[in-house]
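Architecture at a glance
What follows is the residue order along each chain.
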Amino acid sequence: MQGNSAKRAFRVVLIKPSHYDQDGYVIQWLRTTIPSNSLASVYGLIEECARARVLGPDVDIEVEACDECNTIVDVAGAAERIRAAGAGMVGLIGVQSNQFPRALDLGRQFRARGLTVVMGGFHISGCIAMLPTLPADLQEALDLGIHLFAGEAEGRMVQVVRDVAAGKAKPVYNYLNAMPEMAAAVYPILPHAVVARVAGHYSSFDAGRGCPFQCSFCTIINVQGRKSRYRTPDDVEAIVRANAAQGITRFFITDDNFARNRNWEPILDRLIELRERELFNIRLLIQVDTLCHRIPSFIEKCARAGCTAIFLGLENINPESLMGAKKRQNKIWEYRDMLLAWRAQHVMTYAGYILGFPTDTPETIARDIEIIKKELPIDILEFFYLTPLPGSEDHKKLYLRGTPMDPDMNKYDLEHACTGHPLMSKETWTSVYADAWKRYYTDQHVETIMRRGIASGINRTKLLDSLTIFSGAARIEGVHPLQFGFFRRKLRRQRRYGMPVVNPLLFYPWRALDFLKVAWQWLRLIWRYRRMMTRVAADPATRSYCDEALRPHAHAGEMDHFVEVFADKIPHTHGAPIVPERVVAAVAAE
Ligand code: B12
Ligand code: SF4
């Protein structure tokens, strides 16, 4: 990293931990599909410490980074490199609640080798922000001698590195009460070799933090705050140029809601300039809310800046559920217009859908998914369990009331039922989740999505790949598509602490069979979808395809059928359409 003149070194090993599957093996792949922005952020901060020689002119700070989701962590090797450098630390990065048990196991192994370990991320920040006392798992980490970092590290990393180097690191660093400004803050960056482990060589940056809304299941507002903090167009340009110098021009902008970034327009204008004047081949993936279509020029500028896909927090179509979760900003009567506005710019839409709101039952969920298929032009729908994530208002309430919640943090990945539901048993809820994937990704509907996609000019290869991954990940690999990667790895010895390491004579035959079964299922799915896409694309009728979901509203007052279905649940306080009594009566009679 640095020149040879320095006499001493301080090595920082940054690891973004993964988490465990149901058999206790680390969820890990040869290649992942989404980069870790937390890792890029902390890497950028340590590199800055190295450049500024914060440990003195004679100390080289060396840094290495790995995302455990796509890289096998060699604990002994990393420990050896720190020892060879003469000093250093291990950073466990961006640890979410579901990754905390794995992070603890890694920390335990490094501590057993006598190394300094500092851990940060949403689990620590969320718990410290919302709970009256430290929960048992954070205490366990402290008992192991692991240092905890809560809050954001911009402007604070120098202190941590200096404290560790001096042997005076604090047990807990708590910066939750002071959010750093993002203008001119050190920006996220990763070396090419780390980014190359993400399929499509996507890197990431956050153009801003904070969200003004108040969803009760959300942790972000309690950790990063509700005030929009944002990078400047100059910073964003610098991020793009630094990555482009390494051949990377595809980015996931990780703002939870880029539409509420107060600097969205100058940032997009700068990206458009880079694309149109300097011919940077920028591709963007962004997250937005369901009101973004109301912001003049927002969607058009996103598309011109290179946005080819968006993640949307649709969450639910039942107004009762949305109100219950304080997601008042989701106005179901505007969903179709918003989705059509993105399609008009050939942008693919991924929408998150949460299962398990208090009034949900298997019947209402099945009904709602069928409505979405018929009436909303969403390309990819992904399902989550409503989960009381540590750091959210929901979690705090249950915790303070003493309501039972699953004590195993590994399950807080939005793929498990972690607490009780008023109308569904755990078994029912679990089968509803599995059924949701099956119900949405029927061959018939996948074909409809392909037709709609081609008719809207959406990139065919991207659509086909996404349909394959989102249809197969949960059903074939047993993991959510957001955790998916290519070629699953399962290491016999990397098993959850306390679980036995299986005898090789039993492990390898089991693993071989497991691999073949999964590979066969994938091959069949890929083959089927490819043939379907070829057939659909060759059909001359596809280009002019239209159905209820693609049809724009004929006039301003026209209401979707599903809005009529929920008419009696829509609060009449915030711009909701007035549904005539006769329509309410007709729907009730259906
Ligand atoms: C991008 C993103 C992803 C990406 C990439 C992950 C990543 N961490 O970059 C992907 C798509 C993979 C992802 C997946 C999931 N995610 Co996610 N994700 C995010 C998102 C939107 C941004 C993350 C980010 O870059 N933040 C900015 C960075 C800079 O903040 P940070 O991670 O807190 O890091 C700062 C500090 O914590 C500190 N710090 C962190 N580590 C360390 C270490 C040391 C040593 C020090 C000193 C400091 C330090 O310094 C950093 C810089 O200030 C966040 C929401 C958010 N606003 O953060 C959700 C979020 C982290 N995700 C969440 C969840 C639940 C998931 C999933 C489980 C669910 C799902 N199915 O989507 C999966 C898990 C998959 C997996 N195994 O990783 C939750 C976690 C809540 C919790 N209590 O655990 C969040 C908060 C969103 C939410 N719903 O509330 N996610
Ligand atoms: S809109 Fe998204 S980021 Fe904002 S509070 Fe709701 S869930 Fe959180």
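Overview of the structure. (Residues numbered from 1 in each chain as written. Chains lettered and ligands numbered in written order. Predicted model: local features only at pLDDT ≥ 70, side-chain atom pairs only at ≥ 80, totals over all residues. Heavy atoms only, no water.)

**Examining the sheet that holds strand S11 (residues 250–253)**
Taken in spatial order, the six strands line up as S8-S11-S12-S13-S14-S15 in an open sheet, and their pairing is parallel. Each end of this open sheet is capped by a strand with a single partner; those strands are strand S8 (202–205) and strand S15 (380–385). Pairs of neighbouring strands in the sheet enclose a mean axial angle of 20°, with direction left out of account. The pairing of strand S13 (residues 307–315) with strand S14 (residues 348–355) spans five bridges and is classified as parallel. Each residue of the ladder has a partner; that of Leu312, found in S14, is Ala351. Sitting on the sheet, helix H13 (residues 335–344) is in contact with strand S12 (283–288), S13 and S14, with an inclination near 165° to S13. (Pairing = 2+ DSSP bridges. Helix = DSSP H or I, 4+ residues; strand = E, 2+ residues; numbered from the N terminus. Axes fitted to C-alpha atoms, helices over the stretch in contact; angles between N-to-C directions. Contact = heavy atoms within 4.5 Å.)

**Points about the side chain of Asn318**
Structurally, Asn318 is set in the loop between S13 and helix H12 (319–324). By relative accessible area, Asn318 is classed as buried at 5%. Beyond its immediate chain neighbours, meaning those up to four positions away, Asn318 contacts Thr359, Asp368, Phe566 and Lys569. (Buried < 20%, exposed > 50% of the residue type's maximum accessible area, 1.4 Å probe, protein only.)

**Section: helix H5 (residues 136–143)**
In an α-helix there are 3.6 residues to a turn, and that puts residues three or four apart on one side. Among the residues of H5, those classed as buried are Asp137, Leu138, Ala141 and Leu142. When H5 is viewed along its axis, its buried side chains cluster within an angular range of 145° and face the same direction. What points out from H5, more than 90 degrees from its buried face, is the exposed set Ala136 and Asp143. Where the residues of H5 are buried, they touch helix H3 (100–112), helix H4 (122–130), strand S6 (147–150) and strand S7 (172–174). Within two residues after H5, Gly145 carries a phi angle of roughly 90°, on the positive side. (Arc of directions from axis to C-beta.)

**Details of helix H9 (residues 233–244)**
For H9, with twelve residues, the first-to-last C-alpha span of 16 Å sits near the 16 Å given by 1.5 Å per residue. Residues Pro233, Asp235, Val236, Glu237, Ile239, Val240 and Asn243 constitute the buried set of H9. Tucked into the core, H9 has its buried residues touching S8, S11 and helix H10 (264–276). (Expected span 1.5 Å × (residues − 1).)

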